[in-house]
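Spelled out from the first residue to the last, the chains are:
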Amino acid sequence: MSHIILALFLVVFGLNLLFGLSTPPWITGLLALFAGVLIAMNHFCVRVDRK
């Protein structure tokens, strides 16, 4: 899941750099933050189980 969000962030960031899309900076920041948190949770073996 975290790699999918990271890939989505990289695509949005790359398209924004190449074509100058008018995406707000908070969208790319939110994607980067969410991907970073999920990757850190995966690294430290934090599990969130559904009940």
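In this convention, every chain numbers its residues from 1, walking through the sequence in written order. Confidence filtering applies because this is a predicted model: local features only for residues at pLDDT of at least 70, side-chain atom pairs given and counted only at 80 or more, and all residues used for totals across whole chains, interfaces and linings. By convention in this description, side-chain values take in all heavy atoms of the structure and omit both hydrogens and water.

**Overview of a nonpolar patch on the surface**
Cut-off, in case you're wondering: Here the term patch refers to residues with relative accessible area over 30% and no salt bridge, with like charges joined within 9 Å and nonpolar side chains (Val, Leu, Ile, Met, Phe, Trp, Tyr) within 5 Å. Only the protein chains shown count as cover for residues, with accessible areas throughout obtained via the Shrake-Rupley method and a probe of 1.4 Å. Whenever a carboxyl oxygen of Asp or Glu lies within 4 Å of a side-chain nitrogen of Lys or Arg, that contact is scored as a salt bridge. What counts as a helix is a DSSP run of H or I of at least four residues, what counts as a strand is a run of E of at least two, and both are numbered from the N terminus. For every residue, the accessible area (1.4 Å probe, protein chains only) is compared with the maximum for its type, and the residue is labelled buried under 20%, exposed over 50%, or partly exposed between those bounds.
Taken together, V11, L15, L18, F19 and L21 make up a surface patch of nonpolar side chains, about 510 Å² in accessible area. The residue L15 is located in helix α1 (residues 2-19) in this model. Owing to a relative accessible area of 35%, L15 belongs among the partly exposed residues under this scheme.

**Topic: the packing of α1 against helix α2 (residues 25-43)**
Heads up, the rule is: Orientation is described by axes fitted as lines to C-alpha atoms, over the contacting stretch for helices, and by angles from 0 to 180 degrees between their N-to-C directions. In what follows, roughly perpendicular refers to angles from 65 to 115 degrees, roughly parallel to angles under 35, roughly antiparallel to angles over 145, and oblique to any angle outside these ranges. Put simply, a crossing is left-handed when the front helix is turned counterclockwise from the back one by less than a right angle, and right-handed when it is turned clockwise. Here, residues are in contact when the closest pair of their heavy atoms is within 4.5 Å. Under the grouping applied here, Gly and all other residues not named as nonpolar or charged are polar, the nonpolar ones being Ala, Val, Leu, Ile, Met, Phe, Trp, Tyr, Cys and Pro and the charged ones Asp, Glu, Lys and Arg.
Viewed as axis vectors pointing N to C, α1 and α2 meet at an angle of 155 degrees, and their least axial separation amounts to 9 Å. Between α1 and α2, the angle falls in the class roughly antiparallel. Crossing angle aside, the handedness with which α1 passes α2 is left-handed. Of the residues in α2, those touching α1 at S2, I5, L6, L8, F9 and V12 are T28, L31, A32, F34, A35, L38 and I39. Split into classes, the residues belonging to the contact of α1 with α2 amount to 11 nonpolar, two polar and no charged.

**Quick word on α2**
Using the following cut-off: One less than the residue count of a helix, multiplied by 1.5 Å, gives the span that helix is expected to have. Along the arc lie the directions from the helix axis toward the C-beta atoms.
A rise of 1.5 Å per residue sets the reference length of α2, with its 19 residues, at 27 Å; its end C-alpha atoms lie 27 Å apart and thus fit the reference within 8%. Here α2 has its buried residues at T28, L31, A35 and L38. Buried residues of α2, seen end-on, are gathered within an arc of 105 degrees and therefore sit on one face of the element. In α2, the exposed positions that point more than 90 degrees away from the buried face belong to P25, W26, L30 and L33. Elements in contact with the buried residues of α2: α1. Of the residues trailing α2, C45 is marked for its positive phi of about 55 degrees.

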